[in-house]
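Commentary on secondary and tertiary structure
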Amino acid sequence: MSNVDRPSLEENRLQWIASRHPELRQLIQDPTILTIGPLASKNGPMIKTISNNLCNDLLVKDRRKCNDRDEAATSKIRDRKIFEWTCPYRPTKRTCLPVPMLSRNDFSIWSILKQCIGKELSKITMPVVFNEPLSFIQRLSEYMAYAPLIEKANSCDDPIERMTLVAAFAVSALSSNLDRIGKPFNPLLGETYELDRPDLGFRFIGEQVSHHPPVTAFHAEGQTYTFCGSISPKLKFWGKTVDINPKGVITLDLQSYNEIYTWSNVNCCIHNIIVGTLWVEHYGTMEITCNNSNIRAVLNFKQSGWFGKDIHKIEGFVYRGKQKEVAIYGSWVKSLYALNADSYERQMMEMEGKGKSHKEKREDSKTSLTSNLELKGQRLIWQVHPKPANSKNYYQFSAFSMSLNELVPGMEKFLAPTDSRLRPDIRSMEDGNIDGSAIEKNRVEEKQRDKRKERKKKSLEWTPTWFKVSPHPVSKKDEWTFDPSYWERQWKRCPDIF
């Protein structure tokens, strides 16, 4: 590149300021504007210029905003007690379970579900052979498998890049669902689950706060963020498929920037219930918003379509107002990439303009899981961790999932007596005792029904132990708020549920 073609420092400065101020971006789109400062053409008309004074005014405005934001964030962190790890026992990051899973080939899920077409499945009793040895609360903790993405977003000064990384984190939470067709155990009312992972910088606590309808509340925190929400899953059987709607709102608070991000998960569908290989698909639109800016991300989880061309694929954009800033694309089972939105749309139009035959499209479907379009200028923002080599023998668990129910000797002294690790039916299933698991499952569920009848006789309402309903600071809607006194580990308030 010649000196004439190379952008000046002033031009780079102008482009950087324009990226933060839409009013300036619109101004410099005028083709008669070249740079900052006085400039004229000797052989042509005078060229409009942007004065240094305007740029300096905008820079001062930026600094004031940053100072106000930093002061608010610092004050918030100063007022918050930095937590300490209160459980000295950690999972060993095992790569397998004590016993491989029992083959389901001799059991027909159709024989169970054929009477349930169009019905909600949360109240249907399923044989434990179709379960996996985890509670639904433990499954929710898998949201945190890629928690370092939050820390990365929390250390990023560019709000567009922060939203891009938050979007990657939101997608990563779904990645462990690939080939996971085992049903998690329904949590008992009052059941809890705690996960401390100092190596990933977070601790997680969840509680089953309602039984009808089933609602699970959870709270996770790192040193500079909190991540919380509640999920009320709705399952329906439609003959060939089971649809799962994870109803609920998820909230991420980045305290360094005083920003709160919210979104809801997309639907999940399990295919081939009657015949064929069962497989999982996520579909729908995920919109992620930020409370104190006009920046949002909209991601489209595509349905597979003909020849499976779009299976597991995602495409979307990060917007500033109505302006597309960054394209996000890839696969929720493999990886995500980011690219400048204009560059992405231009290169995609060029690719589509070439056209492909049906044969080429079939070949594309075979390699669609790569998720890498190999576009010029793209960058990898998230990549799935490989599953253990023997994962198919252990419910298709990821490396993160494999340790969720591990009970390290001595850990039970610190856990709440309601913790999922202490639940006897799940423990029996993990140890390979399917008959014992079925007996224990029936026993604890009968105990739960008896407790409910007893409360009804006394006209008593169930009160969750560690979560309470309070208004959301942004939406002002009621949400489940965590009681941090849990970490004091005083278990006298815990109900007897096992």
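None of these values were measured; they are calculated from a predicted model.

1. Some points on the overall build of the protein
- Helices and strands together make up the secondary structure of the protein, namely 12 helices and 18 strands.
- Burial analysis of the protein (498 residues in total) assigns 49% to the buried set.
- At a minimum sequence separation of 6, the contacts of the protein that also span at least 24 residues come to 62%.
- As displayed, the protein offers around 25400 Å² of accessible surface, 54% of which is attributable to carbon and sulfur atoms.

2. As for the pattern of salt bridges
- This model, assessed by the stated rule, comprises 25 salt bridges.
- In this structure, Arg162 engages Glu259 in a salt bridge whose closest nitrogen and oxygen atoms are separated by 2.8 Å. Residue Arg162 is located in helix α7 (residues 159–172), and its partner Glu259 is located in strand β9 (residues 259–263); the two are separated by 97 residues in the primary sequence.
- Judged by its relative accessible area of 3%, Arg162 falls in the buried class.
- Taking the relative accessible area as the measure of exposure, Glu259 reaches 6% and is therefore buried.
- A salt bridge links Arg423 to Glu191; its shortest N-O distance comes to 2.8 Å. With Arg423 in the loop between α10 (399–402) and α11 (424–430) and Glu191 in the loop between β2 (183–185) and β3 (192–197), the pair connects residues that are 232 residues apart, well separated along the chain. No difference in accessibility class separates Arg423 from Glu191, as the two residues are buried.

3. Describing the side chain of Arg489
- Note on placement: Arg489 falls in the segment after β18 (478–482).
- On the basis of relative accessibility, which here comes to 13%, the residue Arg489 falls in the buried class.
- If we skip the residues at most four places from it in the chain, Arg489 touches Thr86, Cys87, Glu194, Asp196 and Phe414.

4. A few points about the nonpolar core
- Ranked by size, the top nonpolar core spans 74 residues in total, and within it Met144, Phe204, Phe227, Trp263 and Ile288 carry the most contacts.
- When residues of this core are assigned to their parent elements, the largest contribution, 9 residues, is made by α7.
- What Trp263 contacts, discounting residues up to four positions off in sequence, is Val166, Phe169, Ala170, Phe227, Gly248, Val249, Ile250, Leu252, Met286, Glu287 and Ile288.
- Val209, Ala217, Tyr486 and Cys494 belong to the second-largest nonpolar core, a separate cluster that totals 12 residues.

5. Observations regarding the confidence of the model for the protein
- Confidence in the prediction of the protein, expressed as mean pLDDT, is 82, and 75% of residues score 70 or more.
- Confidence scores differ between elements of the protein, with helix α9 (residues 358–366) showing the lowest mean pLDDT of 47 and α7 the highest of 98.
- Below pLDDT 50 for its whole length, residues 1–10 participates in 7 contacts with residues either more than four positions away or in separate chains.
- Here residues 72–81 is a poorly scored stretch, pLDDT under 50, and it has 18 contacts once near neighbours within four places are set aside; other chains count.

6. Concerning unusual backbone geometry
- That bond from His212 to Pro213 is cis: its omega, 0 degrees, falls within 30 degrees of zero.
- Within the element layout of this structure, Pro213 appears in the loop between β4 (202–210) and β5 (215–221).
- With a phi close to 55 degrees, Glu374 is a non-glycine residue in the positive phi region.
- Here Glu374 lies in the loop between α9 and β16 (379–383).
- By relative accessible area, Glu374 is classed as exposed at 66%.

7. Details of the pairing of strand β11 (residues 279–290)
- Where β9 and β11 come together, 2 bridges link them in antiparallel fashion. In the sheet register, Tyr261 faces β11, and the bridge partner there is Cys290.
- The pairing of strand β10 (residues 267–271) with β11 spans 5 bridges and is antiparallel. Along β11, the bridge assignment pairs His271 with Trp279.
- Inspection of the sheet shows β11 paired to strand β12 (residues 295–301) by 6 bridges, in the antiparallel sense. Across the sheet, residue Thr285 finds its bridge partner in β12, namely Asn300.
- Counting the residues in the hairpin turn of β11 and β12 gives 4 residues.

8. Things to note about helix α12 (residues 434–457)
- Here α12 contains 24 residues, and its C-alpha end-to-end distance of 35 Å stays within 8% of the 34 Å for a straight helix at 1.5 Å per residue.
- Taken residue by residue, α12 has Ile434, Gly436, Ser437, Lys441, Val444, Glu445, Gln448 and Arg455 as its buried positions.
- One side-chain oxygen at the N-terminal end of α12 lies 2.8 Å from the backbone nitrogen of Gly436; it belongs to Asn433.
- Ser459 lies just past α12 and shows a positive phi near 55 degrees.

9. Considerations on a positive patch on the surface
- Taken together, the side chains of Arg452, Lys453, Lys456 and Lys457 present a region of like positive charge at the surface.
- Its location among the elements puts Lys456 in helix α12.

10. A few points about the packing of aromatic side chains
- Throughout the structure, instances matching the rule amount to 19 aromatic pairs.
- Considering the side-chain rings of Phe482 and Trp487, the 6.0 Å spacing of their centres and the 65 degrees angle between planes classify their relative orientation as edge-to-face. The burial state of Phe482 is the same as that of Trp487; both residues are buried.
- An aromatic cluster is built from Tyr143, Phe169, Phe204, Phe218, Phe227 and Trp263, whose rings are joined through pairwise contacts.
- The aromatic ring of Tyr257 is capped on one face by Arg162, whose charged end is 3.8 Å from the ring centroid.

11. Brief notes about α7
- Relative to the 20 Å expected for 14 residues at 1.5 Å per residue, α7 spans 20 Å between its end C-alpha atoms, a close match to the ideal helical length.
- Summarising burial for α7: 13 of the 14 residues are buried, a large majority.
- Its side-chain oxygen at 3.1 Å from the backbone nitrogen of Ile160, Asp158 defines the N-terminal cap of α7.

Scoring rules and cut-offs
- Residues numbered from 1 in each chain as written.
- Predicted model: local features only at pLDDT ≥ 70, side-chain atom pairs only at ≥ 80, totals over all residues.
- Heavy atoms only, no water.
- Helix = DSSP H or I, 4+ residues; strand = E, 2+ residues; numbered from the N terminus.
- Buried < 20%, exposed > 50% of the residue type's maximum accessible area, 1.4 Å probe, protein only.
- Contact = heavy atoms within 4.5 Å.
- Areas by Shrake-Rupley, 256 points an atom, 1.4 Å probe, with all protein chains shown as cover.
- Salt bridge = Lys/Arg side-chain N within 4 Å of Asp/Glu carboxyl O.
- Core = buried A, V, L, I, M, F, W, Y, C linked by side-chain atoms within 4.5 Å.
- pLDDT = per-residue confidence, 0-100.
- Pairing = 2+ DSSP bridges.
- Expected span 1.5 Å × (residues − 1).
- Polar contact = N/O pair within 3.5 Å; in protein donor to acceptor, adjacent residues only side chain to side chain.
- Patch = residues over 30% accessible without salt bridge, like charges linked within 9 Å, V, L, I, M, F, W, Y side chains within 5 Å.
- Lys, Arg positive; Asp, Glu negative; His and termini not counted.
- Charge placed at Lys NZ, Arg CZ, Asp CG, Glu CD.
- Phe/Tyr/Trp six-rings, centres within 6.5 Å; stacked < 30°, edge-to-face > 60°.
- Lys NZ or Arg CZ within 6 Å of the ring centre and 35° of its normal.

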